[in-house]
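Fold and geometry: a report
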Amino acid sequence: MASWDSFGQPIGSYLGFEVRATTHASRVSTDTLQFVFPQFCALALDSFDTPPTTEELAEHFYGSELIAVALDGGTLVGVSMGCLCAVPGSSRRALYVSGTFTAPVVRRFGVGSRLTYAMTGLAYPDLFRGIFGMWGKAILFVTRTQTFSVYSIFKKWFAGVTDVGSRPEPELQAAIDGAAKVFGWTLDKANIQREAYRQSLSRHLVPTLTERDAIVLAGKYNWTLHMISSLSFLLVYPIMHMLHGFRHDSAKFHSAPPPGPTVAPPGSAEGTGMKKGFKK
């Protein structure tokens, strides 16, 4: 019987979640993929303002060779997907991240970013070996989105990402062109794909985009970002997660009723079936 144990390989845990990943999703057994895909679709329903159609989800899922997942006791709570695309005029390959999303209950703790990090480490093992493996080097990242928050985060952290309407430096433009060739995209001069989606996926669109458009972005994952990411997963997010747990436990403690009789005395609000403070 198919299970998560037959999907990819275990690569440790993160904040108590099991992390598994594969670099060759097309080689995973059909039974396992059929086990994973419905859970992938269910997670997507909680991750978009308007979820993609099943056909769109299948296109992303089955078109990805690199897939990393986070599991909470066998329940899928996060996924990151992508594939490597040849860069025209170069021997390099860019990492196209086709989708990353997490369950609402685990957001703000870097689960999605940790999965993308895991996926990148499997795709570029030599660069992720040791502290200085990324020194003086950069990995070309490409992504396609219409969501303003994704665009803002990508532009903030990845080097070389340009404003909407501006073309990036030649190396990054070549990475975009390579991904476009692989997936058959037609892009305008601003790297915008018109009618990319069957419907809008977000309430907050990247400026100048209409509801079904997407912009394709490219940026460099360099040593500085690698160090920031590594320290965040090692220290920052675990501390945030721990403090969240303390606040949650404290809130439960302060909201608990004070010790008292298990049976309310006659005449009290509890004894008459009425709630204190309730008025008809």
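Before going into details, it helps to say that this report is about the structure given with it. (Residues numbered from 1 in each chain as written. Predicted model: local features only at pLDDT ≥ 70, side-chain atom pairs only at ≥ 80, totals over all residues. Heavy atoms only, no water.)

**A few points about the packing of aromatic side chains**
All told, the structure shown has 24 aromatic pairs when counted by the stated rule. Here phenylalanine 148 and tyrosine 151 contribute two aromatic rings whose centre-to-centre distance is 6.1 Å and whose plane-to-plane angle is 45 degrees, an arrangement assigned as tilted. Taken together, the residues phenylalanine 148 and tyrosine 151, both in helix H4 (residues 148-157) and three residues apart, mark about one turn of the helix. Accessibility expressed as a relative area gives 37% for phenylalanine 148, which makes it partly exposed. According to the relative accessible area criterion, tyrosine 151 is buried, its value standing at 7%. Between phenylalanine 154 and phenylalanine 158, the aromatic rings sit 4.5 Å apart at their centres with planes inclined by 20 degrees, giving stacked as the arrangement. Take phenylalanine 154: its relative accessible area is 6%, and that puts it in the buried class. Its end group placed over the ring of phenylalanine 233, arginine 114 keeps NZ or CZ at 5.9 Å from the ring centre. (Phe/Tyr/Trp six-rings, centres within 6.5 Å; stacked < 30°, edge-to-face > 60°. Helix = DSSP H or I, 4+ residues; strand = E, 2+ residues; numbered from the N terminus. Buried < 20%, exposed > 50% of the residue type's maximum accessible area, 1.4 Å probe, protein only. Lys NZ or Arg CZ within 6 Å of the ring centre and 35° of its normal.)

**A few points about the side chain of serine 202**
By the element assignment, serine 202 lies in the loop between strand S7 (192-193) and strand S8 (214-222). Residue classification places serine 202 among the buried positions, given a relative accessible area of 10%. Within polar-contact distance, the side chain of serine 202 engages the backbone nitrogen of histidine 204 at 3.1 Å. Once you skip the residues sitting within four places of it in the chain, serine 202 turns out to touch Asp49, Gln146 and Thr147. (Polar contact = N/O pair within 3.5 Å; in protein donor to acceptor, adjacent residues only side chain to side chain. Contact = heavy atoms within 4.5 Å.)

**Considering the pairing of strand S6 (residues 138-145)**
With seven of eight residues buried, S6 lies mostly within the body of the structure. Of the pairings in the sheet, the one linking strand S5 (residues 93-102) to S6 comprises three bridges and is parallel in character. Paired with leucine 95 across the strands is phenylalanine 141, a residue of S6. Taken together, S5, helix H3 (residues 111-123) and S6 form a β-α-β motif whose crossover is right-handed. (Pairing = 2+ DSSP bridges. Right-handed = clockwise from strand over helix to strand, strands pointing away.)

**Remarks on the nonpolar core**
The biggest cluster of nonpolar side chains holds 60 residues, and the ones touching the most others in it are Phe40 and Tyr221. The greatest single-element share of this core, amounting to seven residues, is contributed by helix H1 (residues 30-45). Setting aside residues no more than four positions away along its own chain, tyrosine 221 makes contact with Tyr117, Phe128, Met134, Lys137, Ala138, Ile139, Phe141, Phe158, His226 and Ser229. (Core = buried A, V, L, I, M, F, W, Y, C linked by side-chain atoms within 4.5 Å.)

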